[in-house]
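Summary of structural features
Residues per chain, in single letters:
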Amino acid sequence: MSFVEYSDCIQEGDIAIIYQSHDSMMPVKVQQGTQTQTRYGVIRHSSDLIGQRYGSKITCSKGGWVHVLHPTPELWTVTLPHRTQILYTTDIATITMMLELKPGSIVCESGTGSGSLSHAILRTVAPTGHLHTVEFHQQRAEKVAEEFKEHRVDHLVTVRNQDVCKDGFGVTGVADAVFLDIPSPWEAVKHAKAAMKRHGGRVCSFSPCIEQVQRTCEALVDQGFEEISTLEVLLRVHDVRTVSLPLPDFGPDPSAPTQLDGTEKTTPNQTTISLKTTVPPREIPGHTGYLTFATKPRT
Ligand SMILES: C[S@@+](CC[C@H](N)C(=O)[O-])C[C@H]1O[C@@H](n2cnc3c(N)ncnc32)[C@H](O)[C@@H]1O
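Residues numbered from 1 in each chain as written. Predicted model: local features only at pLDDT ≥ 70, side-chain atom pairs only at ≥ 80, totals over all residues. Heavy atoms only, no water.

**Description of the pairing of strand β13 (residues 239-246)**
- For β13, the tally of buried residues reaches only 0 of 8 residues, placing the bulk of the element at the surface.
- Alignment of β13 against strand β14 (residues 272-279), held across 8 bridges, turns out to be antiparallel. Within β14, the position partnered with S244 by the bridge is S274. (Buried < 20%, exposed > 50% of the residue type's maximum accessible area, 1.4 Å probe, protein only. Helix = DSSP H or I, 4+ residues; strand = E, 2+ residues; numbered from the N terminus. Pairing = 2+ DSSP bridges.)

The structure is reproduced here in structure tokens:
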């Protein structure tokens, strides 16, 4: 298993995702002799996980069952231990496309935070690209570096523990794309420019507040960036439900036979139909942040 390569069978040391239900999943590190408690009872790694195929249905000690899934950046995003606010897949998908990331891309990122976005970038740029990620909080930088190793993607990423606004990304003239998720991105725009290849390349900054966006856009203009555009992506999820709808009652049927006394037989129409449809959930995820994109001049 690696987060950038699929394997059929579960092996010792893998990170497997235990799927209990749509909104309940957890990552486990697979180890001989270890047990994991689920809401359906215990899973024994040696007999229930190691050697089984990813995707298998596993019966737990209380008789209930779970599925065991191969890790992906998307599953990691919804199961990872939060050390910071993180980016979710709706924003990540847009960032990946708008930064034009592909296998072989060299990317700079700051801050690394909990590594949610980093995993998605690594999967996209593998096997020949590289991520230079900068995190000034020492414990976070160390923890994420440990996770990259455990997930077998450490050969694709360099973690630097420094202040991106003061010290930049630690590389110059190499990046195809730069991503910023820090409180004062405008202070890092000149370092983003320096990290990028001489001509062309894309930059993106994620900020929750419009005042941050304004200052970042001004810094991007000052540094000569072009095609500056800010957007927000809102996700609308739909739940599949069976609903019952009463059929409308249009009154007595004129073609219906009349009774012997000449009056019409009137039976109220109580019929309902049952149909499968989708409904938006009661709570809809709202604003996460604005995404500002820009291009370094190609000439
Ligand atoms: C919101 S988190 C990033 C989350 C990340 N995008 C993810 O998806 O998991 C912001 C991170 O930036 C770090 N940070 C803030 N300012 C920084 C700076 N000037 N240099 C480096 N890291 C910084 C913080 O310590 C924090 O971990």
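**Some points on the site of the ligand**
- Neighbouring the ligand are 24 residues; E135, R140, D163, V164 and D181 lie closest to it.
- Interatomic distance of 3.0 Å between a backbone N/O atom of V164 and a nitrogen atom of the ligand.
- Between D181 and the ligand, the recorded distance is 2.9 Å, taken from a side-chain N or O atom to a nitrogen atom.
- About the coverage of the ligand: the protein hides 91% of its 610 Å² of free accessible area.
- Its residues assigned to classes, the shell around the ligand shows 9 nonpolar, 11 polar and 4 charged. (Near = heavy atom within 4 Å. Polar contact = N/O pair within 3.5 Å; in protein donor to acceptor, adjacent residues only side chain to side chain. Areas by Shrake-Rupley, 256 points an atom, 1.4 Å probe, with all protein chains shown as cover. Nonpolar A, V, L, I, M, F, W, Y, C, P; charged D, E, K, R; others polar.)

**Observations concerning the pattern of salt bridges**
- Counting across every chain of the model gives 10 salt bridges.
- One salt bridge connects K166 with D163, and the closest N-O pair in it is separated by 4.0 Å.
- Note on K166: relative accessible area 65%, which makes it exposed. (Salt bridge = Lys/Arg side-chain N within 4 Å of Asp/Glu carboxyl O.)

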